[in-house]
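What follows is each chain in one-letter form.
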Amino acid sequence: MASNRRAFLTATAVGALAAAPASAASADPDARPRPPVTARSALAELLAGNRRYANGGSRHPHEGNGRRHALAAGQHPFAVVVGCIDSRVPPELVFDQGLGDLICIRTAGQVLDEAVLASIQYGVQELHIPLVLVLGHERCGAVAATLDHLRTGAPVPGHLELLVDEIAPAALRTRGLPGDWAEHTMRANTVWVRDAIRADPAFTSAHITAARFDLDTGLVSLLPSTTRR
């Protein structure tokens, strides 16, 4: 009986070891299903990833050696994120995405210039990305610098003048609104950037939207669809 029992346990262990690689492969975090191909599905994927991030359940997908080797032959990102350089708002983490998932273009205050527009165009026209998301955030340093300049009239040093010049219209337009001037400015500037991209014929094949990142909750919320400058 003891001999039969040992034989049964040995056979069971061998079978389990033989099955293990297939099981591990099926749970491979680098195994990417087909990426979203429509703007609607791309936005849904971003917001689902953000909920994971905000809830402390990030998966940190597509970061392993297998994913890196697969991407060496070509990339198929599903969204362009135009965001701020703020170290607290890295898009890949905020949306719980990995290698090859996003094209991230970051400037202080999401300020546009020709290099930014050309980069967006590369993503939309060359990589056929269906979604461009402009991501602003609360307590933005570029917005704070702009408001300080408008309050004091102090000269803006060096290259920072470009940022202030670009954000100032949104600040002036919202100055009389009740509540948090910086928050109003950030929202107005983010939506204006979105509308400027929308108005450019180079991006007509993509859906352009805008959103706000909350530093306290970690959540991203979409901004209204219309504004003016």
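Heads up: the structure comes first, above all this text.
Residues numbered from 1 in each chain as written. Predicted model: local features only at pLDDT ≥ 70, side-chain atom pairs only at ≥ 80, totals over all residues. Heavy atoms only, no water.

Colleague: Describe the packing of helix α7 (residues 160-174) against helix α8 (residues 181-198), with residues and values.
Modeller: At a minimum axis separation of 8 Å, α7 and α8 run at an interaxial angle of 125 degrees. When the axis of α7 is compared with that of α8, the two are oblique. The way α7 lies across α8 gives a crossing that is right-handed. Of the residues in α8, those touching α7 at Glu166, Ile167, Ala170, Ala171, Arg173 and Thr174 are Trp181, His184, Thr185, Ala188, Asn189 and Trp192. By residue class, the composition of the contact of α7 with α8 is six nonpolar, four polar and two charged. (Axes fitted to C-alpha atoms, helices over the stretch in contact; angles between N-to-C directions. Helix = DSSP H or I, 4+ residues; strand = E, 2+ residues; numbered from the N terminus. Parallel < 35°, antiparallel > 145°, perpendicular 65-115°, else oblique. Left-handed = near helix turned anticlockwise from the far one by under 90°. Contact = heavy atoms within 4.5 Å. Nonpolar A, V, L, I, M, F, W, Y, C, P; charged D, E, K, R; others polar.)

Colleague: Lay out the packing of aromatic side chains in plain terms, naming residues and giving numbers.
Modeller: Tallied over the full model, the rule gives one aromatic pair. Ring geometry for Tyr53 versus Phe213: centroids 6.4 Å apart, planes at 45 degrees, classification tilted. Residue Tyr53 is located in helix α2 (residues 39-54), and its partner Phe213 is located in strand β4 (residues 207-213); the two are separated by 160 residues in the primary sequence. Note on Tyr53: relative accessible area 29%, which makes it partly exposed. (Phe/Tyr/Trp six-rings, centres within 6.5 Å; stacked < 30°, edge-to-face > 60°. Buried < 20%, exposed > 50% of the residue type's maximum accessible area, 1.4 Å probe, protein only.)

Colleague: How would you sum up the environment of Asp214? Please name residues and give values.
Modeller: Position of Asp214 relative to the elements: it lies in the loop between β4 and β5 (220-222). By relative accessible area, which is 15% here, Asp214 ends up buried. With 78 residues separating them in the primary sequence, Asp214 and Gly136 have C-alpha atoms 9.1 Å apart. Excluding residues within four positions of it along the chain, Asp214 makes contact with Glu138 and Leu219.

Colleague: Mind laying out the nonpolar core, listing which residues take part and the relevant values?
Modeller: Ranked by internal contacts, the top residues of the largest apolar core, which has 22 residues, are Val80, Val82, Ile120, Val132, Ile197 and Phe203. At the level of elements, β1 (79-83), β2 (102-106), α5 (114-126), β3 (131-137), α8 and β4 are the ones that each hand at least two residues to this core. Counting residues per element, this core draws most heavily on α5, at four residues. (Core = buried A, V, L, I, M, F, W, Y, C linked by side-chain atoms within 4.5 Å.)

Colleague: Pulling in residues and values, what's your account of the pattern of salt bridges?
Modeller: Following the criterion strictly, the structure yields 12 salt bridges and no others. In this structure, the salt-bridge partner of Glu183 is Arg187, at a minimum N-O distance of 2.8 Å. Residue Glu183 and its partner Arg187 are both found in helix α8; the two are separated by four residues, about one turn of the helix. For the salt bridge of Asp214 with Arg212, the shortest nitrogen-to-oxygen distance reads 3.2 Å. Judged by its relative accessible area of 9%, Arg212 falls in the buried class. Overlapping salt bridges bring together Glu138, Arg139, Glu183, Arg187, Arg212, Asp214 and Asp216 as one network. (Salt bridge = Lys/Arg side-chain N within 4 Å of Asp/Glu carboxyl O.)

Colleague: Which residues make up the sheet that holds β2, and what values do they have?
Modeller: In spatial order, the strands read β2-β1-β3-β4-β5; together these five strands make up an open sheet with mixed pairing. In this open sheet, the two strands that pair with only one neighbour each are β2 and β5. For this sheet, the mean angle separating the axes of adjacent strands, direction not counted, is 30 degrees. Bridge analysis of β4 against β5 gives three bridges, and the strand direction is antiparallel. (Pairing = 2+ DSSP bridges.)

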